[in-house]
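Each chain, letter by letter, is given below.
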2 protein chains.
Amino acid sequence: MVRQHGRATGMKLTKISAIRRKELRQAAFQVLQQEGMAGATLEKVATHAGASKGIVLHYFRNKQELFEHAMREANLALSEAVSARLRQATTPYERLEAVIEGNFEARFFQPSICHAWLSLCAEVPREPQLARIQTVIHARMRSNLMSALVHLLPRAECEAVALSITTLIDGLWLRAGLQSEGLSRDIALAQMRDYLDHRLPRRG
Amino acid sequence: MVRQHGRATGMKLTKISAIRRKELRQAAFQVLQQEGMAGATLEKVATHAGASKGIVLHYFRNKQELFEHAMREANLALSEAVSARLRQATTPYERLEAVIEGNFEARFFQPSICHAWLSLCAEVPREPQLARIQTVIHARMRSNLMSALVHLLPRAECEAVALSITTLIDGLWLRAGLQSEGLSRDIALAQMRDYLDHRLPRRG
DNA sequence: TCAATTGTTGACCCATTGGTCAGTTTTCTA
DNA sequence: TAGAAAACTGACCAATGGGTCAACAATTGA
């Protein structure tokens, strides 16, 4: 809905405004992929979006706000991918798969994207806004997993397994961001399957 | 001559030179803990070590080299902790535990340290030196794990399990660096144990 | 003891960058 | 279609930070 998050004001939200903001958020994330947080300058973001530096600060209070929105935007895409898969899933196990496979879709699980993500994560401890977003992301991940796990495992184990799955996903993303050759999607998915096969009770 | 990069263990090494370098490496890592890579300026590192900016660049070519050494230093500590535990271990299972518990020793597994580590990781894709160090770290981790796993599992599964363990450790560190309250050591260790209990064949 | 080496400092340079602003162009609307 | 509002630009500013350098202090060793 954009409505540029709360910032109160009635905010008419001209079309152009919405479009430019989105362009800039995306440009910011793309620059992040190539340059990391250190090299992600306002000028580069502007250039990347085919605009001038001035306009970036016209739409975003400052650098932090820009990258905060970039993080939201990037997460939204991933989040929607998972939701879409979740909608197709009928059984608990399928819902588990939906969450996992959504997180490893080819268009997301790429070294440069993982790297951008890593850069954002590294800022989390010093940027309360980013921390909040991160919290939300983790909460949703947990919730998605739990809703499936409670039907597959004794209640007492669900929490731990949900955390393990999240941890594995994070760890694999980290690895993919670290190794330039990247960790292949197949290996990542195989890892996740291996975990589920051994941790979940046998089933048909 | 400084005999840079300690590697060639020749170790003539003026005393003062060796000491200063170590102080600076450590100061660099500490600043990283508090400020992240963005805020880790040469001036701050110098101040933190009770010296002037000039001296930092007297001992290290440039900022990259300084933080490269900081990463080496930090890793060395962790690495030695694992080695020490490994030396005490007799059975393969104990060796596994040594690696895991070494990676979660209380003095290492702290939010600020995990955070510093995260900051370093975020630079890896753009800093070939850091990438090399990271590669070495992963290689040693894998090797340590494999030497234990081959006695506990069919050969074909070892590689995957070693990767899973590494991934879990990385993921838990990441999480600890992200959440300010941090992930408690107990939970982290419980996670690892839970994984091993389900992935390794039953044993006495 | 006296040079030579090493350690150390602080001033200085320069490129970069986040952010401001005054003013110009485009778009919207009455 | 005029004028208000929004979009947009580029120049400018102040601060920061990496890196250089010349000079000074301490240490060493012959």
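Residues numbered from 1 in each chain as written. Chains lettered and ligands numbered in written order. Predicted model: local features only at pLDDT ≥ 70, side-chain atom pairs only at ≥ 80, totals over all residues. Heavy atoms only, no water.

Asker: For this particular structure, what's the right way to read the protein's contact with DNA strand C?
Answerer: Neighbouring DNA strand C are 17 residues, the closest being L42, K53 and K63 of chain A together with R20 and S52 of chain B. Looking at DNA strand C alone, sugar and phosphate atoms form 57% of those within 4 Å of the protein. A distance of 2.6 Å separates a base oxygen of DNA strand C from a polar side-chain atom of K53 of chain A. Y59 of chain B places a polar side-chain atom, nitrogen or oxygen, 3.2 Å from a phosphate oxygen of DNA strand C. Elements with a minimum of two residues in the surface near DNA strand C: α3 (53-59) of chain A together with α1 (15-39) and α3 (53-59) of chain B. Among the elements that line the surface near DNA strand C, the one with the most residues is α3 of chain B, at four residues. In terms of residue class, the surface near DNA strand C is made up of seven nonpolar, seven polar and three charged. (Near = heavy atom within 4 Å. Polar contact = N/O pair within 3.5 Å; in protein donor to acceptor, adjacent residues only side chain to side chain. Helix = DSSP H or I, 4+ residues; strand = E, 2+ residues; numbered from the N terminus. Nonpolar A, V, L, I, M, F, W, Y, C, P; charged D, E, K, R; others polar.)

Asker: What is the right way to look at the packing of aromatic side chains in this model?
Answerer: Two numbers describe a pair of aromatic rings. These are the distance of the centres and the angle of the planes. All names here are of chain A. For the structure shown, the criterion picks out five aromatic pairs over all chains. Geometrically, the ring pair formed by F104 and F109 is edge-to-face, given 4.9 Å between the ring centres and 75° between the ring planes. The class of F104 is buried, set by a relative accessible area of 0%. Residue F109 is classed as buried on the basis of its relative accessible area of 6%. Each residue in the set F104, F109 and W173 is aromatic and connected to the rest through ring pairs, giving one cluster. The ring of F60 has R21 sitting right over it, with the charged end atom 4.8 Å from the ring centre. (Phe/Tyr/Trp six-rings, centres within 6.5 Å; stacked < 30°, edge-to-face > 60°. Buried < 20%, exposed > 50% of the residue type's maximum accessible area, 1.4 Å probe, protein only. Lys NZ or Arg CZ within 6 Å of the ring centre and 35° of its normal.)

Asker: How should the pattern of salt bridges be read in this particular structure?
Answerer: For side chains bearing opposite charge, pairing can occur when the charged atoms are close. Residues and elements named next belong to chain A. Considering all chains together, one arrives at 24 salt bridges over all chains under this definition. Here E68 ties to R72 by a salt bridge, and the two come within 3.1 Å at their closest N and O atoms. Of this pair, E68 and R72 both sit in helix α4 (residues 63-88), four residues apart, roughly one helical turn. We classify E68 as buried; its relative accessible area is 6%. (Salt bridge = Lys/Arg side-chain N within 4 Å of Asp/Glu carboxyl O.)

Asker: So what exactly am I meant to see when it comes to the interface of chain B and chain A here?
Answerer: Often, the extent of an interface is quoted as the loss of accessible area upon association of its parts. Tallying the contact residues gives 32 residues for chain B and 32 residues for chain A. Summed over both partners, the interface of chain B with chain A buries about 3000 Å², with 61% contributed by carbon and sulfur atoms. Contact with chain A buries surface across chain B, with R175, L178 and Q191 of chain B losing the most and accounting together for 19% of the total. Linking chain B to chain A there are three salt bridges. The partner of D170 of chain A in a salt bridge is R175 of chain B, and the shortest N-O contact between them spans 4.0 Å. For the interface between chain B and chain A, the tally reads 14 residue pairs in polar contact (both at pLDDT 80 or more). For the side of chain B that touches chain A, the secondary-structure elements that each account for two or more residues are α1, α6 (111-123), α7 (128-149), α8 (155-178) and α9 (185-199) of chain B. Element by element, the count of residues in the side of chain B that touches chain A is highest for α8 of chain B, at 13 residues. When the residues that make up the side of chain B that touches chain A are grouped by side-chain class, the tally is 13 nonpolar, 13 polar and six charged. (Contact = heavy atoms within 4.5 Å. Buried area = accessible area lost by both parts, 1.4 Å probe.)

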